[in-house]
Amino acid sequence: MDFEKMMREMIQQAVDERIHTIAAVEDRMVRAHGEYVPTTQAAELLNVSPVTVRRMLADGRLTGTGGEKPLVMVRSMAHMAETGRTRKQKYPDFAIIGR
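Residues numbered from 1 in each chain as written. Predicted model: local features only at pLDDT ≥ 70, side-chain atom pairs only at ≥ 80, totals over all residues. Heavy atoms only, no water.

J.: Explain the pattern of salt bridges to me, and be specific about the residues and the numbers.
T.: Applying the stated rule across the entire model yields five salt bridges. Here Glu4 makes a salt bridge to Arg8, at a shortest N to O gap of 3.9 Å. Separated by four residues within a single helix, Glu4 and Arg8 lie in helix H1 (residues 3-19), roughly one turn from each other. Residue Glu4 shares its accessibility class with Arg8, and that shared class is exposed. Residues Asp59 and Arg61 are paired through a salt bridge, measuring 2.8 Å at the closest nitrogen-oxygen approach. Look at Arg61 and you get buried, because its relative accessible area is 12%. One continuous salt-bridge network, built from bridges that share partners, spans Glu26, Asp27, Glu35 and Arg75. (Salt bridge = Lys/Arg side-chain N within 4 Å of Asp/Glu carboxyl O. Helix = DSSP H or I, 4+ residues; strand = E, 2+ residues; numbered from the N terminus. Buried < 20%, exposed > 50% of the residue type's maximum accessible area, 1.4 Å probe, protein only.)

J.: Tell me what's going on with a nonpolar patch on the surface, and back it up with residues and numbers.
T.: A cluster of nonpolar side chains, namely Phe3, Met6, Met7, Met10, Ile11 and Val15, defines an oily patch on the protein surface of about 560 Å² accessible area. Inspection of the secondary structure assignment puts Met10 in helix H1. Residue classification places Met10 among the partly exposed residues on the basis of a relative accessible area of 48%. (Patch = residues over 30% accessible without salt bridge, like charges linked within 9 Å, V, L, I, M, F, W, Y side chains within 5 Å. Areas by Shrake-Rupley, 256 points an atom, 1.4 Å probe, with all protein chains shown as cover.)

Here it is in structure tokens:
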């Protein structure tokens, strides 16, 4: 294998890894929607109701501003979606045991 081909493959691998990181997803979402969005827009993006978004803000699954009409931080939505922490744990103190 020649040096140029090896370098191209290494660069492509690094780019592929970067594209799928949480930081890259956050950056793409911020470029598309801005740093903060209203709860109604966050609900549309997450495919949930605005009430659910407010609950997610209250229990810490999402980060945002306070007040009567809070804004949701887009980076927290991307992080939540990437880590899979979309549902509130019903019994967080108990481990799920395999069957």
